[in-house]
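If you want the building blocks of each chain, they are given just below.
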Amino acid sequence: MFSNRYVRTIIFSRVLLQLGIWIRNYSVLLYVTELTNNNSVYVSLISVAEFAPIFIFGLIGGTFADRWRPKRTMVWSDLLSSLSVMAVLLTVMNGGWIALLVGSFISASLSQFSQPSAMKLYKRHVPGEQLQGVMAMSQTIVAVFTVLGPVVGTFIFIRFGINVSLILTVILFLGSSVILSTLPRDAEEKKSADGSSFLKELTDGLRYIGANKSLKTLTMTFAAVGLASGLIQPLQIFLVIEKLGQDKQFLQWLVMSNGAAMLVGGAVIMSIAKKVKPQLLLMIGLVVTAVCTIGIGASTMIWLTITLLVISGLVYPFVQGGIQTLLVRNTEGAFIGRVSGAIMPAFMGMMVTGMFVTGYLKESFSLMSVYMVSGCLTIAGAILLLPIVVEKRKKAENSQAL
């Protein structure tokens, strides 16, 4: 897999990019919290600056990714992200901090142009039998940094301060851009015969998803998984305090156990990717995740909770890798940017919705009830996937009969 130049280069650049994103996010969060004396309005604006671009520019960035050359788009996105953080650094050094919010928004917006372009290069240059392993590896990197990123970002800010944190972010984004620039030159993009406008291509992308049964199903599954994830994500601290009877510092052990298991799960899926169909991996991942989620919500024993978190972490790459692989395989190359740009906001939108309502649900019902709802939503996502599994099996049987 790593013998493929495109895989090796993009993965290395994504590691630098993820590290830069998390250092930026947590240094900005802690700096603004410190300056405003924990002002909840300004702290919430940080989340808006980081998440809003996914909704605003997800489909727009995906459409442009289909129009532009992917390597050039990725190189310029990371370079401009680096320059935007550099501008913010100069402002902070002169005593301003509101620019941190603007800079975070701009940098997060540029990522919506880069990510679909990476998918486009994978579609073009990764053989079909390797695609599932590559998708799993990409998602594992994101999952691992979701766990380790806050720790690294917090440590660097506390140890060195905001200026060094932003300088490191600039270097990491710039490094990602330089690494991507070593890829072979992009092939010339085909222009549409009718000279389609940007708006027409955007709406064509939405129609394409609507007309493709597999993509519609994946979108609904991804949305269900996003809502399920959002419901339980903010409640882990209550799990530690109310269910396990520990202080809040114990949360780090649960997070580390889950994160380490994700890393192992990513390695497992890379080794078995050629032997197992992505729709089967996805189904297994969803069912196991649902059972573990309900079990975690019910457990009052530390060893059982950690065991279930480890199992859940092991199958997390199955879910993300399976969805991404099916997405790429069921999408024509000309539409990969728009499809990726539309489906990811569906996941993030439902996840944020879940995070917003979960506090009210917990207060109205119970912690256990919220975890049960999350598990049921994950099972619903698996049930939605059944038509794809049946259709793929019929096609395989028909091809064998011929």
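All of these numbers come straight from a predicted model, not from anything done at the bench. (Residues numbered from 1 in each chain as written. Predicted model: local features only at pLDDT ≥ 70, side-chain atom pairs only at ≥ 80, totals over all residues. Heavy atoms only, no water.)

Focus: the environment of Ile388
- Note that Ile388 resides in helix H14 (residues 367–401).
- For Ile388, a relative accessible area of 3% gives the class buried.
- Taking the C-alpha atoms as reference, Ile388 lies 7.8 Å from Thr217; in sequence the two are 171 residues apart.
- Look past the residues within four positions of Ile388 in its chain and what remains in contact with it is Ser214, Thr217, Leu218 and Gln279. (Helix = DSSP H or I, 4+ residues; strand = E, 2+ residues; numbered from the N terminus. Buried < 20%, exposed > 50% of the residue type's maximum accessible area, 1.4 Å probe, protein only. Contact = heavy atoms within 4.5 Å.)

Quick notes on the nonpolar core
- Membership of the largest hydrophobic core comes to 47 residues, with the highest contact counts inside it found for Ile10, Tyr122, Leu282 and Val339.
- Sort the elements by how many residues they give to this core and helix H13 (residues 336–364) lands first, with 7 residues.
- Setting aside chain neighbours within four positions, we find Tyr122 in contact with Val7, Ile10, Ile11, Leu131, Val134, Met135 and Ser138.
- In this structure, Ile21, Leu89, Leu101 and Val170 belong to the second largest nonpolar core, which totals 17 residues. (Core = buried A, V, L, I, M, F, W, Y, C linked by side-chain atoms within 4.5 Å.)

Description of the environment of Phe222
- Of note, Phe222 is situated in helix H8 (residues 213–232).
- The exposure class assigned to Phe222 is buried, which follows from its relative accessible area of 1%.
- As a C-alpha pair, Phe222 and Leu29 span 193 residues in sequence and 28 Å in three-dimensional space.
- With near-sequence residues (within four places) excluded, Phe222 lies in contact with Gln320, Ile323, Gln324, Ile343, Met344 and Phe347.

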